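Each chain, letter by letter, is given below.
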Amino acid sequence: LPGGVIALVGPTGVLHQGAFGSADLERGLPMTTDHVFQIGSISKVFTALTVTELAWRGLLSLDEPITDLLPWLALGPEAARPTVRELLSHMGGLVMGADFPPDDLAQAWRLRDTVVAPHPTRFHYSNVGFMLLGLGASARAGRPWPELVREILLEPLGMTRSVASVTEAD
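Thresholds applied
Residues numbered from 1 in each chain as written. Predicted model: local features only at pLDDT ≥ 70, side-chain atom pairs only at ≥ 80, totals over all residues. Heavy atoms only, no water. Pairing = 2+ DSSP bridges. Helix = DSSP H or I, 4+ residues; strand = E, 2+ residues; numbered from the N terminus. Expected span 1.5 Å × (residues − 1). Buried < 20%, exposed > 50% of the residue type's maximum accessible area, 1.4 Å probe, protein only. Polar contact = N/O pair within 3.5 Å; in protein donor to acceptor, adjacent residues only side chain to side chain. Lys, Arg positive; Asp, Glu negative; His and termini not counted. Salt bridge = Lys/Arg side-chain N within 4 Å of Asp/Glu carboxyl O. Patch = residues over 30% accessible without salt bridge, like charges linked within 9 Å, V, L, I, M, F, W, Y side chains within 5 Å. Areas by Shrake-Rupley, 256 points an atom, 1.4 Å probe, with all protein chains shown as cover. Core = buried A, V, L, I, M, F, W, Y, C linked by side-chain atoms within 4.5 Å. Contact = heavy atoms within 4.5 Å.

### Description of the pairing of strand β2 (residues 13–24)
Along any regular strand, the residues point their side chains to alternate faces of the sheet. As judged from the eight bridges shared by strand β1 (residues 3–10) and β2, these two strands associate in the antiparallel manner. The partner of valine 9 across the bridge, within β2, is valine 14. Once β1 ends, the chain turns through two residues before running back antiparallel as β2. Following β2, the chain reverses through four residues before pairing antiparallel with strand β3 (residues 29–30); glycine 28 in that reversal takes a positive phi of roughly 70°.

### A word on helix α5 (residues 127–141)
Taking 1.5 Å per residue, 15 residues should reach 21 Å; α5 reaches 21 Å between its end C-alpha atoms and fits that length. Counting buried residues along α5, eleven of its 15 residues qualify, which places the element largely inside the surrounding structure. For α5, every residue scored as buried is listed here: Val128, Gly129, Phe130, Met131, Leu132, Leu133, Gly134, Leu135, Gly136, Ala137 and Ser138. For α5, the capping residue at the N-terminal end is serine 126, with a side-chain oxygen 2.9 Å from the backbone nitrogen of glycine 129.

### Thoughts on the side chain of glutamate 86
Structurally, the position occupied by glutamate 86 is in helix α3 (residues 84–88). Of the buried charged residues, glutamate 86 lacks a salt bridge, with arginine 85 as the closest side chain of opposite charge at 8.2 Å. Within the local environment of glutamate 86, its side chain forms a polar contact with the backbone nitrogen of threonine 83, the two atoms lying 2.9 Å apart.

### Observations regarding a nonpolar patch on the surface
A grouping of Leu1, Ile6, Leu8, Leu15 and Phe20 is seen on the molecular surface, where their side chains present a nonpolar patch of about 570 Å² in accessible area. Those elements that provide at least two residues to the nonpolar patch are β1 and β2.

### Structural notes on the nonpolar core
Counting 25 residues, the largest nonpolar core has Val51, Leu60, Ile66, Leu70, Val84, Leu132 and Leu133 as the members making the most contacts within it. Elements with a contribution of two residues or more to this core: α1 (43–56), α2 (66–69), α3, α5 and α6 (145–154). Ranked by the residues each element gives to this core, the list is headed by α5, at seven residues. When sequence neighbours within four positions are dropped, the list of residues in contact with leucine 70 reads Leu132, Leu135, Gly136 and Ala139.

So yeah, pure geometry; function would need other evidence.
Next comes the structure, spelled out in C-alpha cells:
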C-alpha cells in the first residue's frame, strides 16, 4: 500500500484526519487529505439507496424487469428478465462483470451472449447488475446517473465534496 488517508468521524463531524505515504511513487508526490479516491463496491450502497428512493417516488418498480427500464438491453437467447429487486439483492442471475470494457454501455452490450436462469436460487455478487441498475434508473429519470445520486443521496447527507463519478480529470 503506497499511501492512504484516514478520517475519524463522529456525531459532531471530523474528529481527526491524516494522510500517509505516496500518492504517486514515480513522481514522489506525497498523499494529502485532499486526494480523491474511488470508493469501489461501497458505491453499490449508493446505487441501492438511490434506486430505492426512485421506487418510493413511483418512478420505477422494484418488481419490473430491468429490460423494461432498458428496452435496448439484449440479454442472451432465452434469458430470463431479472427484476430491479433481483439485481439489488444479487439474485438476478448475472454473475459477470469486468473492468476491461471501456464503459457501462459496452458492458451492457457484452451481456448479449449471457444466459440468465429464471428465478435464480443462488446469490452471485454482480458488478454488472448494479451497473445496469444505474443505467436503468438514469434512463427512466431522463437524467445522468451522477446527477441523480448527487440530488437524491449526497446533497441531503451534506456530502458536498463527494461525487458520483470520478473521472481521469479528477
